[in-house]
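Structural features, examined
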Amino acid sequence: MAAGLEARRASIELAKEDMHFSAAHFTIFSAAERENLHGHNFFVEARATGPVDGNGLCFDYSVLKSRLRALCASLDETLLLPAQSPHLEIEEDADGLVVAFADETLRFQLRDVKLLPIRNVTVEELAHWFAHALADDEGFASLPIDALTLRVSSGPGQWAEATWSPPSAIGGESS
């Protein structure tokens, strides 16, 4: 390192108007209680932290923006269902998806549903889903980022946030 130059770090925050999706869901409160099916316009924000290089750049954040936009597009205009919920039984049949919850049987067209590897469709779980979906993306993994915070909103003033760090940054585990 050149004399007089300390190690520098920066955080890049992305909160673009087009980083959003519209989706239906229901939150499951217990084995016998859930919300009615309804929808939200969800918004996604990201903050990525890493070292600033000798050229004054932390990383090419257009990569992060494009990945976030693609993830939002994959959820847009769908019904989100939690594939890992202990309270749902989800099966595919010739007519689509059959979802059993308590004493209810719900039927959905396969083309309308996005099954996510989460336990419940909440902003908390969606924030973690976005963080891990990015961490598993090859293009994102090549960026020199050592912390990533994702925020998901289901409406004004309602946010959840999840933070991810690569295993080497936190002693072998990520959140």
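Notes on the structure in this doc start here.

1. Here we look at the overall build of the protein
Looking only at helices and strands, the protein features three helices and 10 strands. The linear arrangement of helices and strands in the protein, starting from the amino end, is β-β-β-α-β-β-β-β-β-α-α-β-β. Expressed along its principal axes, the backbone C-alpha trace of the protein runs to roughly 70 × 35 × 35 Å. Scored against the burial criterion, the 175 residues of the protein give a buried share of 39%.

2. Looking at the sheet that holds strand 6 (residues 96–101)
Across the sheet, three strands lie side by side as 5-6-7; this open sheet has antiparallel pairing. Every interior strand has two partners, whereas the edge strands, strand 5 (88–93) and strand 7 (104–108), have only one. Along the sheet, successive strands turn relative to each other by an average axial angle of 20°, direction set aside. Taken together, the five bridges between strand 6 and strand 7 define a ladder with antiparallel strand orientation. Residue Ala100 lies in a different strand from strand 7, and its bridge partner there is Thr105.

3. Some points on unusual backbone geometry
Most peptide bonds take the trans form, and the phi angle of most residues other than glycine is negative. Although it is not a glycine, Glu77 sits at a positive phi angle of roughly 60°. The phi angle at Ala102 is positive, at roughly 50°, despite the residue not being glycine.

4. Section: helix 2 (residues 123–135)
The end-to-end C-alpha distance of helix 2 is 18 Å, a good match for the 18 Å that 13 residues give at a rise of 1.5 Å each. Along helix 2, the residues classified as buried are Val123, Glu125, Leu126, Ala127, Trp129, Phe130, Ala131, Leu134 and Ala135.

5. Quick look at the packing of aromatic side chains
Taken as a whole, this structure holds four aromatic pairs when the rule is applied. These aromatic residues form a ring-pair network of at least three members: Phe21, Phe42, Trp129 and Phe130. Above the face of the Phe26 ring, Arg34 is positioned so that its terminal group lies 4.6 Å from the ring centre. It is Arg151 that lies over the ring of Trp159; its NZ or CZ is 4.1 Å from the centre.

6. What to know about the pattern of salt bridges
Opposite charge on two side chains makes pairing possible when the charged atoms of those side chains draw close. In this structure the tally under the stated criterion is seven salt bridges. A salt bridge links Asp146 to Arg9, with the shortest nitrogen-to-oxygen separation between them at 2.7 Å. Of this pair, Asp146 sits in the loop between helix 3 (138–141) and strand 9 (147–155) while Arg9 sits in strand 1 (residues 9–14), placing them 137 residues apart in sequence. Between Asp18 and Arg69 there is a salt bridge, with the nearest N and O atoms lying 2.8 Å from each other. Here Asp18 is found in the loop between strand 1 and strand 2 (20–25), whereas its partner Arg69 is found in helix 1 (residues 61–75), with 51 residues between them in sequence. Assessed through its relative accessible area of 30%, Arg69 is described here as partly exposed.

The rules we used
- Residues numbered from 1 in each chain as written.
- Predicted model: local features only at pLDDT ≥ 70, side-chain atom pairs only at ≥ 80, totals over all residues.
- Heavy atoms only, no water.
- Helix = DSSP H or I, 4+ residues; strand = E, 2+ residues; numbered from the N terminus.
- Buried < 20%, exposed > 50% of the residue type's maximum accessible area, 1.4 Å probe, protein only.
- Pairing = 2+ DSSP bridges.
- Axes fitted to C-alpha atoms, helices over the stretch in contact; angles between N-to-C directions.
- Expected span 1.5 Å × (residues − 1).
- Phe/Tyr/Trp six-rings, centres within 6.5 Å; stacked < 30°, edge-to-face > 60°.
- Lys NZ or Arg CZ within 6 Å of the ring centre and 35° of its normal.
- Salt bridge = Lys/Arg side-chain N within 4 Å of Asp/Glu carboxyl O.

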